[in-house]
Amino acid sequence: MFGLKEFFKKLRGVKPREAREEESPDAVRLAFTNRYLNFKTLLSTNNKVLEIITDMEQALVSSHSFGMSFIRANCTAISVNMYKIIQTLNEITVGRYRELFEVFEDIWVKIDQELKGKKIPARGDLVFPLEAVDKEMADQAGSKMANLGEIKNRIGLSVPEGFVITATAYDRLLEHNRLQDEINRRIQFLEPENIARLYETSADIHKLIINAPLPLELEEAIRQAYQDVIKKVGRGANVSMRSSAIGEDTKEASFAGQYRSILNVSPDYLILSYKEILASKYSVPAIAYRLNKGFRDEDIGMCVGCMAMIDAKAGGVMYSTDPANIRHECIMINAVWGLGKSVVDGSIAPDLFVLSKGDPKIILKKEVSTKGQKFVCHAEEGICRMEVVEKEKDDPAITDEQASLLAELALRLERYFGCPQDIEWAIEPDGSIRILQSRPLMVIGQDLAVPEEIAESKVDLPVILAGGVTACPGVATGPAFVVKTTVDMLQFPRGAVLVAMNPLPQWAAVLNSAAAVVTDRGGITGHLAAVAREFKVPALLGTSTATREIKSGDLITVDADGGKVYAGRAESLLQKASERVSLMKGSPVYVTLEKVLKYIAPLNLTDPDASNFRPQGCQTIHDITRFAHEMSLRELFAYKKEVSFPEHLAKRLVFDVPMQWWVIDLDGGFRKEIEGNTVSLEDITSIPMLALWKGITAVPWEGPPPVNTKGFLSIIYESTMDTSLVPGIGSRFAERNYFIISRNFCHLSSRFGFHFSTVEAFLSDSVAENYICFNFKGGAADHTRKKRRVNLIKALLEKFDFWVQVRGDLIFARLERQEQDFLKQRLKVIGYLTMHTRQLDMTLSNNGMVNWYVQEMLKQISSFAAIPQ
Amino acid sequence: MEDIRLLLVDDEEDFRTTLANRLKKRKIDATGAGSGSEAIELVRLRSFDVAIVDVKMPGIDGIETLRQIKQISPLMEVIMLTGHASVESGIEGMKLGAYDYLMKPCDIDELLLKVGDAYHRKLVQEERIHQAELKQEGR
């Protein structure tokens, strides 16, 4: 293609100035090149737009997740290509369709608005004391702290003193450092499924945020609020700092464990810890979680709750109902010695208390585990792991009485908030109970549980392990993949069963690609368990021996309901394993895609002859694409100007036929530089020309078929007797046929007598750019016969997959976006038709003849090309 | 394609050098510019065929750089590259005469294809103007 420059240079050198009279040959050649480029641009951009529309539509129905950057990038690509189409169309039509720009502007502006969303900039205080916070302030304090404020101030339960750093503060920090654009830019580079890239991006963004200085007034506000807490507590104190994101902890999405909490923070590290928590918005599991659940990154403001640190004697989590079985009327409590942290990250097997919901609370079940270690506050700052003294190891962390009190509180919170609750609590050394957090509990519907008759069915496979707790019911199979470190996670294959020692929250990043989860430790109140339920991934936790019994690569079936893992595929169990559903449906990102697609995908302009087929009739991007495509093709074939080329540019093709074939090489269509004014077939490398030529020469033309008198008379009647049709006279054979070629391009204009046809083709390895356009016009003979011939050609072309349009005696056919070899076959057929249909109208004295000829010609074609069935 | 005079404008040095090295493997010599103003200065001094310009740069941003390049050298083709896709800025770039507007990360082969097309277009446009001038002279 880039020999062009040399070609121009050469032209300029060779050309004597005098030759540039009237129609400069260079100008003609240039006009062709320009047209070729424009047409190529139109076709490839048109295809690109259609391709993107399909991708976007596919995203709505596929089970894969996509983020805002997917939608934004595709909308941008579509708009840019659309602009290019309109621009090019106007270039070739000299601005005839300028109003399309306005039509398009109306559409893209609407798309842009949907993408930008209606984010209301957060206004208000940077910090609120916890006493001033209630449920209605979730948009300022985040739902976690808003709920906690409600518990403290309206329900009147014991909650530590504290304050909230608001969404306004978060926005202020981002603006102050112009971070949002920078973050979005990095997110755009993410590829779904590429965990390694995800880690890199997460680390980059983390660094950006940690390095960002706080606006002075924000730093002051935080320090002041801290001093106020100290005053209330009445002693020097460290604080716990917890994320409280907007949209976190709602009924639909738990975000369990996605963001950081930092315990026992000393005043020196308030600011750094604050930024650490903000940065955890971009932790690997958090990015993956938002992507899988369709949350818009910008919609999520990070608020942070700071509360006086409780050096708990015991702590844990309780559920006001059984999340795996809503009909199971009970309250579940997990308790450990020291801080409750080890319950949520699954690192220490907790005690389990199950209590009835009625009055009085009866302990239905009590499982006390050996708790060898506990987490406690370090004297200065942070937390540390400690051995539990021997005599306490096997004692329950809470008394039965405390369990009943906790159950009472759980029920009260469930009633107050009107739905099951997931509650974090702590017991102070003096025995008083503090509520640290309460959020809606994700409860699994019965749909996931395996029906009893299936569950009871006999499985003839070896049982690898039995036991553990059902964190999320269901059955699934897949190769096991043991994850020990983050590095293992990078290699986690889609569809594998995640096997791990601890149910760490960071494993959540691969949960959506996991078939099931099996762990040695952990209980149903942990974060990973919560996310497993949300993603509906069967999860069997606390099996003790999973990592010992299962090796990576083993094909296993996990029956989370039955608490068993089998070697191999347990077909009988899998029969009714429920299908994984898209987690995205209805999510903000999903809805955004649906909305923008309304301006993009529907096609209203289906009929080019309809009255709405005009710029003003275009309502969507698809409409404009369709309209522009049609108009550009019409323009292409309105190109009636006959091509005349100066002798020195065109080479006559040496071939033993009485017709003249001239070839002009635009670029790379000849094997070598050709001296003189003839070229032989061996020197031609143009892929489409060679294919076309095969068709032209495949079946020797035996001259015109016998003409019946009426046909012949009709020619005379048309009064332009064509000598080329009469063997022996032959003067018309002097008429020239021009090939304009490049390596991948070929344009043939040929005129045989009354018939004028053009073939244009681009054949390359890039399927999206390939096309064949063929038009055929004219011919003597009367109208009826012309019509018969038109029908004949149409029938034949359609047989070979062409899209055919007929206007009067003009046939217009095209075929695009196909493999090179496929199009080569079609070009041969076109070559054949160019040669063998031109005289037909003379013989088509009745409609029956049309069918006969179609069959005859197909027979001939079959000798050099495959006939599609 | 080897004789394309290519200008790479991106404030991220990493990106610039990586791309330049990869282009070198394909026998294309590219000149780098680390900012919009540096690019504009270069375009004033030398001729380029195609520029690849990052949209988001501190100081003179990519859109403004495009505007000025087109003023100085209207036939030069400019391909915009962005890490932060936005419909509005995409259209703005096209209106200002960008040849295309691509999203990072961009496949190098796809980028090269675009560079080739842009170059081809530039040659044709130049030739058309040349022809028009000759025609004028002829009269």
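What comes next concerns the included structure. (Residues numbered from 1 in each chain as written. Chains lettered and ligands numbered in written order. Predicted model: local features only at pLDDT ≥ 70, side-chain atom pairs only at ≥ 80, totals over all residues. Heavy atoms only, no water.)

**Looking at the pairing of strand 13 (residues 433-440) of chain A**
All names here are of chain A.
- For strand 13, the buried fraction is high: seven of the eight residues fall into the buried class.
- In this structure, strand 12 (residues 421-427) lies alongside strand 13, joined through seven bridges in antiparallel fashion. Each residue of the ladder has a partner; that of Trp-425, found in strand 13, is Ile-435.
- Where strand 12 hands over to strand 13, the hairpin turn is made up of five residues, of which Gly-431 adopts a positive phi near 95 degrees. (Buried < 20%, exposed > 50% of the residue type's maximum accessible area, 1.4 Å probe, protein only. Helix = DSSP H or I, 4+ residues; strand = E, 2+ residues; numbered from the N terminus. Pairing = 2+ DSSP bridges.)

**Considerations on the nonpolar core**
- The biggest cluster of nonpolar side chains holds 95 residues, and the ones touching the most others in it are Phe-163, Ile-165, Leu-218, Ile-222, Met-241 and Tyr-274 of chain A.
- Excluding anything up to four places from it in sequence, Ile-165 of chain A contacts Leu-126, Val-127, Leu-218, Ile-222, Met-241, Tyr-274, Cys-303, Val-304 and Cys-306 of chain A.
- Judged by nonpolar contacts, the second largest core, of 69 residues, contains Phe-66 and Phe-613 of chain A together with Ile-63 and Ala-98 of chain B. (Core = buried A, V, L, I, M, F, W, Y, C linked by side-chain atoms within 4.5 Å. Contact = heavy atoms within 4.5 Å.)

**What about the sheet that holds strand 19 (residues 539-541) of chain A?**
Residues and elements named next belong to chain A.
- Judged by pairing direction, the sheet is mixed, and its eight strands sit side by side in the order 14-21-20-16-17-18-19-15 without closing on themselves. Two strands in the sheet have a free side with no partner beyond their single neighbour: strand 14 (463-466) and strand 15 (469-472). Pairwise comparison of adjacent strand axes, ignoring direction, gives a mean angle of 30 degrees for this sheet.
- Helix-sheet contacts for helix 16 (residues 527-535) involve strand 15, strand 18 (516-519) and strand 19, and the interaxial angle to strand 15 is about 55 degrees. (Axes fitted to C-alpha atoms, helices over the stretch in contact; angles between N-to-C directions.)

**Topic: the interface of chain A and chain B**
- Across the contact, 43 residues belong to chain A and 38 residues belong to chain B.
- Summed over both sides, the interface between chain A and chain B buries roughly 3,800 Å², with carbon and sulfur atoms accounting for 59% of that surface.
- Between chain A and chain B we count six salt bridges in total.
- In this structure, Lys-84 of chain A engages Asp-100 of chain B in a salt bridge whose closest nitrogen and oxygen atoms are separated by 2.9 Å.
- Summed over the shared surface of chain A and chain B, the result is 13 residue pairs in polar contact (both at pLDDT 80 or more).
- Listed by contribution, the elements that provide at least two residues to the side of chain A that touches chain B are helix 1 (4-14), helix 2 (25-61), helix 3 (68-92), helix 4 (99-116) and helix 7 (179-188) of chain A.
- With 11 residues, helix 3 of chain A is the single largest residue contributor to the side of chain A that touches chain B.
- Classifying every residue of the side of chain A that touches chain B gives 16 nonpolar, nine polar and 18 charged. (Buried area = accessible area lost by both parts, 1.4 Å probe. Salt bridge = Lys/Arg side-chain N within 4 Å of Asp/Glu carboxyl O. Polar contact = N/O pair within 3.5 Å; in protein donor to acceptor, adjacent residues only side chain to side chain. Nonpolar A, V, L, I, M, F, W, Y, C, P; charged D, E, K, R; others polar.)

**Description of the environment of Glu-428 of chain A**
Residue and element names in this part refer to chain A.
- Mapped onto the fold, Glu-428 is located in the loop between strand 12 and strand 13.
- Residue classification places Glu-428 among the buried positions, given a relative accessible area of 14%.
- As a C-alpha pair, Glu-428 and Ala-314 span 114 residues in sequence and 7.4 Å in three-dimensional space.
- Setting aside its immediate chain neighbours within four residues, Glu-428 contacts Ile-310, Lys-313 and Arg-434.

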